[in-house]
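Topology and contacts: notes
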Amino acid sequence: MFPSGSMSRSAVNYMAGCKTAISNVVMAIVVMLTLLLVTPLFKYTPNAILASIIINAVVSLVDYETAYLIWKVDKMDFMALLGAFFGVVFASVEYGLLIAVRTTTFFFMLITA
C-alpha cells in the first residue's frame, strides 16, 4: 500500500480558505514545482519531522463538535464513527471505511431484526 498526500493537500487548501476548483490546479502546479526544485532539500530531513508537518495540517480537519453531536443523537452511529476513525489512524483509509460500513450494517441488522 502506497501512502497518499491528498489528505494533507486538502487540509492545506482548507486552511488557506480555498473555495473553487482552480485551487486544485494551482496546488498541482505548486506540488510539481516543489517536487522538481525543493525535494532534494528534504533528503536529509527525518521522517518524524515530515510526519509532524502533515499531522499539524490534518489535525484541523477533525470536527469535535460534530462528533459530540453524533454522540448525543445516536450512540451506535458514534461507535461507527470511532471505528472508522481508529481504522484510518491505525491501519488505512480502506480499513477505516470497511469498519464503518460493517459496524453500521451490523447495527442496522440488529435494530431491524
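Cut-offs and rules
- Residues numbered from 1 in each chain as written.
- Predicted model: local features only at pLDDT ≥ 70, side-chain atom pairs only at ≥ 80, totals over all residues.
- Heavy atoms only, no water.
- UniProt positions renumbered as here; feature names shortened; annotations may be inferred.
- Helix = DSSP H or I, 4+ residues; strand = E, 2+ residues; numbered from the N terminus.
- Rg over C-alpha atoms; globule rule 2.2 N^0.38 Å.
- Buried < 20%, exposed > 50% of the residue type's maximum accessible area, 1.4 Å probe, protein only.
- Contact = heavy atoms within 4.5 Å.
- Areas by Shrake-Rupley, 256 points an atom, 1.4 Å probe, with all protein chains shown as cover.
- Polar contact = N/O pair within 3.5 Å; in protein donor to acceptor, adjacent residues only side chain to side chain.
- Phe/Tyr/Trp six-rings, centres within 6.5 Å; stacked < 30°, edge-to-face > 60°.
- Lys NZ or Arg CZ within 6 Å of the ring centre and 35° of its normal.

The protein is annotated in an unreviewed UniProt entry as SLC26A/SulP transporter domain-containing protein of Aegilops tauschii subsp. strangulata. Here the protein is described in UniProt, under the heading Subcellular location (unreviewed entry), as follows: "Membrane".

Time to look at the overall build of the protein. When helices and strands are tallied, the protein shows six helices and zero strands. Going residue by residue from the N terminus, the α and β elements of the protein occur as α-α-α-α-α-α. For the protein, whose C-alpha radius of gyration is 18 Å, the value lies well above the compact-globule estimate of 13 Å for 113 residues. Expressed along its principal axes, the backbone C-alpha trace of the protein runs to roughly 60 × 30 × 20 Å. For the protein, buried positions account for 14% of its 113 residues. Across the protein, the fraction of contacts at a sequence separation of at least 24, relative to all contacts at a separation of at least 6, is 45%. Only carbon and sulfur atoms are counted for the fraction: they give 74% of the accessible area of the protein, which is about 9200 Å².

What follows is about the UniProt feature "transmembrane region" (unreviewed entry) in the protein. Under the UniProt annotation, "transmembrane region" (unreviewed entry) lies at residues 21-42, 48-71 and 78-101. As annotated, residues 21-42 has a helix share of 77% and a strand share of 0%, and its two end C-alpha atoms lie 29 Å apart. Across residues 78-101 one finds 92% helix and 0% strand; the C-alpha atoms that close the span lie 13 Å apart.

We now examine the side chain of Ser92. With respect to the element layout, Ser92 can be found in the loop between helix H5 (75-90) and helix H6 (93-112). For Ser92, a relative accessible area of 9% translates into the label buried. Among the polar contacts made by the side chain of Ser92, one reaches the side chain of Glu94 at a distance of 3.2 Å.

Before going further, it helps to spend a moment on the packing of aromatic side chains. Any pair of aromatic rings gets described here by the distance separating the centres and the angle formed by the planes. Per the stated rule, a full pass over the model turns up four aromatic pairs. Considering the side-chain rings of Phe85 and Phe86, the 5.2 Å spacing of their centres and the 70 degrees angle between planes classify their relative orientation as edge-to-face. Judged by its relative accessible area of 40%, Phe85 is partly exposed. Relative to Phe90, the ring of Phe86 lies with its centre 6.0 Å away and its plane at 15 degrees, an arrangement referred to as stacked. With Phe86 and Phe90 both in helix H5 and four residues apart, this pair spans about one turn of that helix. Take Phe90: its relative accessible area is 68%, and that puts it in the exposed class. Ring pairs connect the aromatic residues Phe85, Phe86 and Phe90, which therefore count as one cluster. Its guanidinium or amino end placed over the ring of Trp71, Lys75 lies 4.4 Å from that ring's centre, counting from NZ or CZ.

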